[in-house]
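In case you want the letters, here they are:
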Amino acid sequence: MITSADIIKKAWEEYDPTKIISKVVDISVKVSTNYVFHVLFEDGDMIIAKLSYFGKYEHFKEDHRIIHSLANNLLYPFDNLLAKSLLKNNRVYTYRYKHNKVDAWVVFYNPVRVMERMPRRLEEKHIRKLGQQLAKFHLACSKLRNVLPKSSKTLRTDIHTLIERLDKDEKVFGGNAKAEILRHHCEQFLKYRAKYKVSSFEIIPVFIDWNIGNFSVTKKFELFSRWDYDWFRMSYRMLDFYFFSRVASDAGDRTVFSYRIDTMMEDRFILFLEEYHKINPLTANELRFMREAYRFFILNYVIKDGSYFFSGQYAKKLQAEAFDIYLPSVDINFDAEKLIDILKIKEIEKV
């Protein structure tokens, strides 16, 4: 049976057969099903390879074209924030291996530089700085929204895909009772998406998974480098906020993690929002939609695709918690009006 290393070697042979690989080393994070490798060459050079079996090759290729365009167009101080993909014939090089039941695709990156890591539990100065940095990064991404390649994925299409899967086979999601819970939350998401006039929100590049381990900072706590693009998409900036609430939370970064909504109501995250809002003002409906962005995250990344994103034990744990804790708390434990009042956001018309 062909191995991941074999597929990467085939991908490289098609890219440049004159440069010989000496070793392929798996550096994947074991809580995830995604595969990342160091590719070492006989001449001493090294690059990063990412291999994926999940989703659609067309989406994989599309996402990496957008990321590469973003990386090349971002201006200082974010001009070197993202890892650059390797090009061939002036296009991002991707390779697809399809044989029998194996369908996998590969992309190569230049190694990203890493500076300082944030502490597992942030101090107030770190939270303030992160709020300012995300605000500036979102503004930089916003300036490029009209020059980036188009994306075919939307939140609505992902939710409709989940609904279609529920209609096709409820057993996959635990039977009728659980399927009905999921249908209800899909309907709630679509309902509030319309109510909060989300179609008027700006669409920018978002990376969603801002775990402490996915980025590095300078000694002044400014964003320096960002890697791990598995949940990248063109969407609304509010999708980035939930993970920053976890980073800022009183519990801090944990080895055994969960996805509770409560972190978005902590004073520490409110501090983050205040700093963000000073630089890149938020609207009342965007804050309201933060609840729906969380609901979407649970439905799409934990329930619909959790078995692909997380290793077996984590997928089962998180999906069980989604039904027991996460989804029941969505409409109870988040209060957007409190955040709107604290940030003193005035709105022309009430929802």
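One structure accompanies this document, and this report is about it.

Cut-offs and rules
Residues numbered from 1 in each chain as written. Predicted model: local features only at pLDDT ≥ 70, side-chain atom pairs only at ≥ 80, totals over all residues. Heavy atoms only, no water. Salt bridge = Lys/Arg side-chain N within 4 Å of Asp/Glu carboxyl O. Helix = DSSP H or I, 4+ residues; strand = E, 2+ residues; numbered from the N terminus. Buried < 20%, exposed > 50% of the residue type's maximum accessible area, 1.4 Å probe, protein only. 1 Å grid on protein atoms, 1.4 Å probe; cavity = no way out; pocket = protein on both sides within 12 Å on 5 of 7 lines; lining within 4 Å. Points joined across faces, edges and corners; volume = space filled by probe spheres on them. Nonpolar A, V, L, I, M, F, W, Y, C, P; charged D, E, K, R; others polar. Contact = heavy atoms within 4.5 Å.

**Thoughts on the pattern of salt bridges**
For side chains bearing opposite charge, pairing can occur when the charged atoms are close. Within the structure shown, the criterion is met by 27 salt bridges. Across the pair Lys19 and Asp45 runs a salt bridge whose closest N-O atoms are separated by 2.6 Å. Of this pair, Lys19 sits in the loop between helix 1 (4-15) and strand 1 (21-26) while Asp45 is found in the loop between strand 2 (35-41) and strand 3 (46-52), placing the two residues 26 residues apart along the sequence. The partly exposed category is assigned to Asp45, whose relative accessible area is 39%. We note a salt bridge from Asp103 to Arg96, for which the minimum N-O separation is 2.8 Å. The class of Asp103 is partly exposed, set by a relative accessible area of 21%. Each of Asp158, Arg165, Arg233, Lys304 and Asp305 takes part in one network of salt bridges that share partners.

**Let's talk about the layout of surface pockets**
Estimated volume of the largest pocket: approximately 1,500 Å³. Lining the largest pocket are 50 residues; nearest its centre among them are Val29, Asn211, Gly213, Asn214 and Asp228. Of all the secondary-structure elements, those providing two or more residues to the lining of the largest pocket are strand 2, strand 3 and helix 6 (241-248). Residue contributions to the lining of the largest pocket peak at four residues, all from helix 6. Among the residues forming the lining of the largest pocket, the class breakdown is 25 nonpolar, 13 polar and 12 charged.

**Focus: the environment of Asn34**
In this structure, Asn34 sits in the loop between strand 1 and strand 2. Asn34 sits in the buried class, given a relative accessible area of 12%. When the C-alpha positions of Asn34 and Ser142 are compared, they lie 29 Å apart, and in sequence the two are 108 residues distant. If we ignore the near neighbours within four places in the chain, the residues touching Asn34 are Ser28, Asp230 and Phe309.

**Focus on empty space enclosed by the protein**
Counting across every chain of the model gives one cavity of 30 Å³ or more. Empty space within the largest cavity amounts to approximately 60 Å³. Every residue lining the largest cavity is listed: Ile208, Met238, Leu239, Phe241, Tyr242, Met264, Met290, Ala293, Tyr294, Phe296, Phe297 and Tyr301. Breaking the lining of the largest cavity down by element, the ones donating at least two residues are helix 6 and helix 8 (284-304).

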